[in-house]
Amino acid sequence: MSNVSRLSLASNSQAATSPLRLLVLSNGHGEDVIAVRILQELQRQSNPPEIFALPLVGEGRAYQQLDIPLIGSVRTMPSGGFIYMDGRQLARDVRGGLLQLTLSQIKAVRRWVSSQKKLGNKRAILAVGDIVPLLFATFSGANYAFVGTAKSEYYVRDEAGLLPRKSKDARWENFSGSVYHPWERWLMSRRRCKAVFPRDALTTETLKQWPIPAFNLGNPMMDGLQPTFSRQQFYGQDSQQQEIVRPLMVTLLPGSRPPEAYANWETIMIAVSALIASFQERDSIFYTSGTVVFLGAIAPGLDSNILSQSVQSQGWRTESTFPIKIPDPNILTFKQRNAYLMLTQKAYNDCLHLGDLAIAMAGTATEQFIGLGKPAIAIPGNGPQYNPAFAEAQSRLLGSSLFLVEQPAEVAKVVQSLFKDPDILQIIAENGARRMGKPGAALRIAECLQERF
């Protein structure tokens, strides 16, 4: 055998045994979090890939917390990534340097792929989000996979058929037989696209009508939501009481981004006051139900003092006793009549699991709550994220589990009607699980990526 042949064999052997170099592209904070969940599972695999990242929107703090190196420039745009159905937000981002940032990111991706190729490394790209990272991946020259977080067939149809829509423009959303347009399907059907992971079974089955390697492995949004408790434990103010009545629990989800979240919180507090007032009415289903607990699941980036001032302006007073156990030493508790309100920035998962229902003005949090099989009542805000267009689209995505009201005072009527019909709660539980999927998707996707790459 010639020396050239030996060198060629040695090079091929090294390429076969060396770890894959994986570049992750994502375009939003929620997409970053989903990507990181998959990457954590990849890192636990035998012979895990060497991982790099490029967040196309925001600063990629989720990657930085895992010490994953970023390969290019990052910057937070004025919209915070929320340009959904809002041309004004897009215009602000363009003025803020969006086009220059995008061009530099395209160059960074191609530079990374070229350098890995010159080094003889196996290389691949994982795109998480919508058409933007998918486009970057397609024209990178490397093999790629796509986690589609932004689109679902549930936006336009359910298992029974197309949803009725008021707007004539709505026909555009699935004019070609899918919520994914022909150019998006073309990107997903290229030879170098090794796997596509839609967010639900309905979308997966629709995409399989075309030569797209679609896998129904679940939605990583439902991973990492385990509560701190093994079973729900409640206690009253009288510790000697033998029989304890479980309180009604309402989770409050104002969103995570200031200043929008503060405005959302003001709206939610109006709904809470109306709900408490309705419980005092003699024809209320909760008239003799005892304690009601409101759980404010507050993002760490929000100022709890601002939220506390809003609570107290609605007539709540600070309280030193706790109606339930929440693992947060800094929890803030308030009381009004027979109702408690608790603000926590460290017990998000517990708030999701403890709530019987939610009053919600959030994106991901609302979907996760409903994925646990529970109803949520949503009030459209002024955006930029949770505006009327977003809320209406989310109500289609989540179906019978999400109740959309125009005014916060209407929340009380929805709550009363919900608990007068036990059958609807069972329908809601099944609907949430079907639309959001079972936990463990990140691991299933990681294993599939190892196999496909």
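Residues numbered from 1 in each chain as written. Predicted model: local features only at pLDDT ≥ 70, side-chain atom pairs only at ≥ 80, totals over all residues. Heavy atoms only, no water.

If you check an unreviewed UniProt entry, the protein chain appears there as Lipid-A-disaccharide synthase from Nostoc sphaeroides CCNUC1.

S.K.: What is the right way to look at the sheet that holds strand E9 (residues 292–297) in this model?
M.R.: The strands making up a sheet associate through backbone hydrogen bonding, with each pair oriented either parallel or antiparallel. Read from one edge of the open sheet, eight strands run E10-E11-E12-E9-E8-E13-E14-E15, paired in mixed fashion. Two strands bound the open sheet, and with one partner strand each, they are strand E10 (317–318) and strand E15 (402–404). Examined bridge by bridge, strand E8 (residues 248–253) and strand E13 (residues 357–360) share four bridges and lie parallel to one another. Bridged to Leu 253 within E13 is Ala 360. Along the sheet, helix H12 (residues 364–371) makes contact with E8, E13, strand E14 (376–378) and E15, crossing E8 at roughly 150 degrees. Contacting E13, E14 and E15, helix H14 (residues 411–418) runs over the sheet at an angle of about 160 degrees to E14. (Pairing = 2+ DSSP bridges. Helix = DSSP H or I, 4+ residues; strand = E, 2+ residues; numbered from the N terminus. Contact = heavy atoms within 4.5 Å. Axes fitted to C-alpha atoms, helices over the stretch in contact; angles between N-to-C directions.)

S.K.: Which parts of the structure should I look at to understand helix H10 (residues 304–313)?
M.R.: Counting along an α-helix, one turn takes 3.6 residues, and residues three or four places apart therefore face a common direction. Of all the positions in H10, only Leu 307, Ser 308, Ser 310 and Val 311 are classed as buried. Buried residues in H10, looked at end-on, bunch into an arc of 160 degrees, giving them a common side. Along H10, the residues that are exposed and aim more than 90 degrees away from the buried face are Gln 309 and Ser 313. For H10, the secondary structure elements touched by its buried residues are helix H9 (260–279), strand E11 (332–336) and strand E12 (339–344). With a side-chain oxygen lying 2.9 Å from the backbone nitrogen of Asn 305, the N-terminal cap of H10 falls on Asp 303. Downstream of H10 by one or two residues, Gly 315 has phi in the positive range, about 95 degrees. (Buried < 20%, exposed > 50% of the residue type's maximum accessible area, 1.4 Å probe, protein only. Arc of directions from axis to C-beta. Polar contact = N/O pair within 3.5 Å; in protein donor to acceptor, adjacent residues only side chain to side chain.)

S.K.: Help me out: how do you make sense of empty space enclosed by the protein in this one?
M.R.: With a probe scaled to a water molecule rolled over the atoms, the places where space remains empty come into view. This model, assessed by the stated rule, comprises two cavities of 30 Å³ or more. As a volume, the largest cavity reaches approximately 50 Å³. Every residue lining the largest cavity is listed: Ile 34, Val 147, Gly 148, Thr 149, Phe 197, Pro 198, Arg 199, Gly 218, Asn 219, Pro 220 and Met 221. Classifying every residue of the lining of the largest cavity by side-chain character gives six nonpolar, four polar and one charged. (1 Å grid on protein atoms, 1.4 Å probe; cavity = no way out; pocket = protein on both sides within 12 Å on 5 of 7 lines; lining within 4 Å. Points joined across faces, edges and corners; volume = space filled by probe spheres on them. Nonpolar A, V, L, I, M, F, W, Y, C, P; charged D, E, K, R; others polar.)

S.K.: Hey, could you run me through the nonpolar core in this one?
M.R.: As a rule of thumb, soluble globular proteins bury nonpolar side chains together. Within the largest apolar cluster, 128 residues are counted, with the highest numbers of intra-cluster contacts made by Phe 294, Trp 316, Leu 341 and Ile 359. No other element matches the ten residues that H9 contributes to this core. The residues that make up this core include at least three from each of domain 1 (21–219 + 439–452) and domain 2 (242–436). Not counting chain neighbours up to four residues away, the residues in contact with Ile 359 comprise Val 250, Thr 251, Leu 252, Leu 253, Ile 268, Ala 271, Val 272, Leu 275, Ile 377, Ile 379 and Val 411. (Core = buried A, V, L, I, M, F, W, Y, C linked by side-chain atoms within 4.5 Å. Domains from an automatic or database assignment.)

S.K.: Help me understand the sheet that holds strand E4 (residues 143–148) in this model?
M.R.: Spatial strand order, E2-E1-E3-E4-E7: five strands in an open sheet with parallel pairing. The outermost strands of the open sheet, each flanked by one partner alone, are strand E2 (50–55) and strand E7 (193–197). When strand polarity is set aside, the average angle formed by the axes of neighbouring strands in this sheet is 15 degrees. Contacts from helix H2 (residues 29–43) reach strand E1 (21–26), E2, strand E3 (123–129) and E4, with the element oriented near 160 degrees to E1. Sheet strands touched by helix H16 (residues 441–452): E3, E4 and E7. Its angle to E7, the strand with the most contacts, is close to 170 degrees.

S.K.: For this particular structure, what's the right way to read the environment of Cys 193?
M.R.: Structurally, the position occupied by Cys 193 is in strand E7. Separated by 19 residues in the primary sequence, Cys 193 and Ile 212 place their C-alpha atoms 8.3 Å from one another. Apart from residues lying up to four places away in sequence, Cys 193 is in contact with Tyr 144, Leu 187, Met 188 and Pro 213.

S.K.: In this structure, what is going on with the environment of Asn 264? I would like to understand it.
M.R.: The residue Asn 264 is located in helix H9 in this model. You can call Asn 264 buried: its relative accessible area is 3%. When near neighbours in sequence (up to four residues on either side) are disregarded, Asn 264 contacts Pro 254, Met 361, Gly 381 and Tyr 386. Reaching out from Asn 264, the side chain makes a polar contact with the backbone oxygen of Pro 254 at a distance of 3.0 Å.

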